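Residue-level listing of the chains:
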Amino acid sequence: MQHIIDRFISYVTVDTESDPNSEATPSTAKQWDLANQLVEELKQIGLEDVTIDDNAYIMATVPSNVDFEVPTIGFISHFDTSPDFTGANVKPQIVENYDGKDIVLNKDLNIVLSPSYFEDLLLYKGQTLITTDGTTLLGADDKAGITEIVSAMEHLIKNPDIKHGKIRIGFTPDEEIGRGAHKFDVAKFGADYAYTMDGSQIGELEYENFNAAGVKLIFKGKSVHPGYAKGKMINSMLLANKFISKLPKKEVPEKTTGYEGFFHVNHLQGSIEETEVQLIIRDHSMKKYKERKKLIEKMVKKFNKKYAAKFGEDIVVAEINDQYFNMKEKVEPVMHIVHIAEQAMKDLGIKPLIKAIRGGTDGSQLSYMGLPCPNIFAGGHNFHGKYEYVPVESMVKATEVIVRIAELTAQRAEK
Ligand SMILES: [Zn+2]
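Residues numbered from 1 in each chain as written. Predicted model: local features only at pLDDT ≥ 70, side-chain atom pairs only at ≥ 80, totals over all residues.

What to know about helix H3 (residues 140-158)
Phase 1: Spanning 19 residues, H3 covers 25 Å between terminal C-alpha atoms, matching the ideal 27 Å at 1.5 Å per step.
Phase 2: For H3, the buried fraction is high: 16 of the 19 residues fall into the buried class. (Helix = DSSP H or I, 4+ residues; strand = E, 2+ residues; numbered from the N terminus. Expected span 1.5 Å × (residues − 1). Buried ≥ 20, exposed ≤ 12 C-beta atoms within 10 Å, placed from the backbone.)

Focus on the UniProt feature "domain: Peptidase M20 dimerisation" (unreviewed entry) in the protein
Phase 1: On the UniProt side, "domain: Peptidase M20 dimerisation" (unreviewed entry) is annotated at positions that read residues 207-307 here.
Phase 2: The span residues 207-307 carries 32% helix and 29% strand; its end-to-end C-alpha distance comes to 45 Å. (UniProt positions renumbered as here; feature names shortened; annotations may be inferred.)

A closer look at the sheet that holds strand S8 (residues 167-172)
Phase 1: Strand order in the open sheet formed by eight strands is S1-S2-S8-S3-S9-S16-S10-S15, and the pairing between neighbours is mixed. The open sheet terminates on both sides in strands that have one partner only, identified here as strand S1 (48-52) and strand S15 (353-354).
Phase 2: The pairing of strand S3 (residues 73-78) with strand S9 (residues 193-199) spans four bridges and is classified as parallel. Each bridged residue has a counterpart across the sheet, and for Ile73 the counterpart in S9 is Tyr193.
Phase 3: Strands in contact with helix H2 (residues 31-45) are S1, strand S2 (58-62) and S8; relative to S1, the strand with the most contacts, it is inclined by about 170 degrees.
Phase 4: Along the sheet, H3 makes contact with S2, S3, S8 and S9, crossing S3 at roughly 145 degrees. (Pairing = 2+ DSSP bridges. Contact = placed C-beta atoms within 7 Å. Axes fitted to C-alpha atoms, helices over the stretch in contact; angles between N-to-C directions.)

Remarks on the UniProt feature "active site" (unreviewed entry) in the protein
Phase 1: Feature annotation in UniProt places "active site" (unreviewed entry) on Asp80 and Glu175, given in this structure's numbering. In summary, the annotated positions, though distributed over 96 residues, converge in three dimensions, the widest C-alpha pair being only 6.7 Å.
Phase 2: Structurally, Asp80 can be placed in the loop between S3 and strand S4 (93-95).
Phase 3: Leaving out residues up to four positions away in the same chain, Asp80 has contacts with Thr16, Glu17, Ser18, Pro26, Gln31, Pro173, Asp174, Glu175 and Glu176.
Phase 4: Looking at the element boundaries, Glu175 is found in the loop between S8 and helix H4 (186-189).
Phase 5: Classification of Glu175 as buried rests on a count of 26 C-beta atoms within 10 Å.
Phase 6: When sequence neighbours within four positions are dropped, the list of residues in contact with Glu175 reads His78, Asp80, Asp142, Gly180 and Asp362.

Here is the structure:
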């Protein structure tokens, strides 16, 4: 266990915060620090084909140790941390044999990690937790995933009696700013399928996510002196307001859960002459997702028809862009990869928690790039902030899950 703690700490103490305002890859030069460190470590452990490309994407191989054909599987995680909270000067604290009470993260600043607010903590009574000192995020998202993958590969190399096929591992920059998969060379990776180790609580296994679109609406108005405005002024802000009020009122993020989709207005800015509304559409079902996009188009048409005589041109213009799609469509034809992960967890006494992600993952993008890619827990909680923590026992279990998946994949191929 100490080995895993040391490895994890050697990663989180390197600042790798990504930056959405940068066009470069990686978005911040400091991500190279950990990337280069990882390359050295992988070589030292004895992985083969260790490569790092111009964009800091790392790949490496553990070769097959059996004489029959086994599909090549991959394990993927990201080494950047979220720009939502600082990742500089992370000072991890280790809480051994957690007693189920409040954890004082920072006495001076009075920052407390409390199970009365974060109830999940109570799942880990008696375990060893790694927390922050209350001034930074921890970076378990996703350096826990990297720790687990590296530790699992080391275990396989040191224990050749465990039989497995070829394994590829991939570490990416810039996942937190939505670009982790963008420059991932799927052909070079050469795996039949892979798993991202980027989930949260122990047992999590995900292969469904939202279909997602972004919508930009521009409402146009006519500004006239308010004293002379009767029958002439068109206030674009009020038009936008009318449009928003016609969206299904119960289908918003704050009133939906599980497989329920939504419209979410997330930006509104305007004047009399012009108002911009941005909203996002989310739905697990492709059919309902398309219906949601159609509804917007229909509403736009109706608005334009209604105001055509008065305005002379379209009064609202809509731009609808697909963002990502539900990976289920790509994973279902190879459902055995989910079953293998599920079996691996059961074999290790872990209760699989299979649920649909209400968001997207790098795995969904990779799945559409030809690499079916469910997501597995990495063990951390409260990502992207100062209350982030990870139970060491969950990291150990995730490491064992990776090893077991490799083993089960070979066993399935031998039959
Ligand atoms: Zn992550």
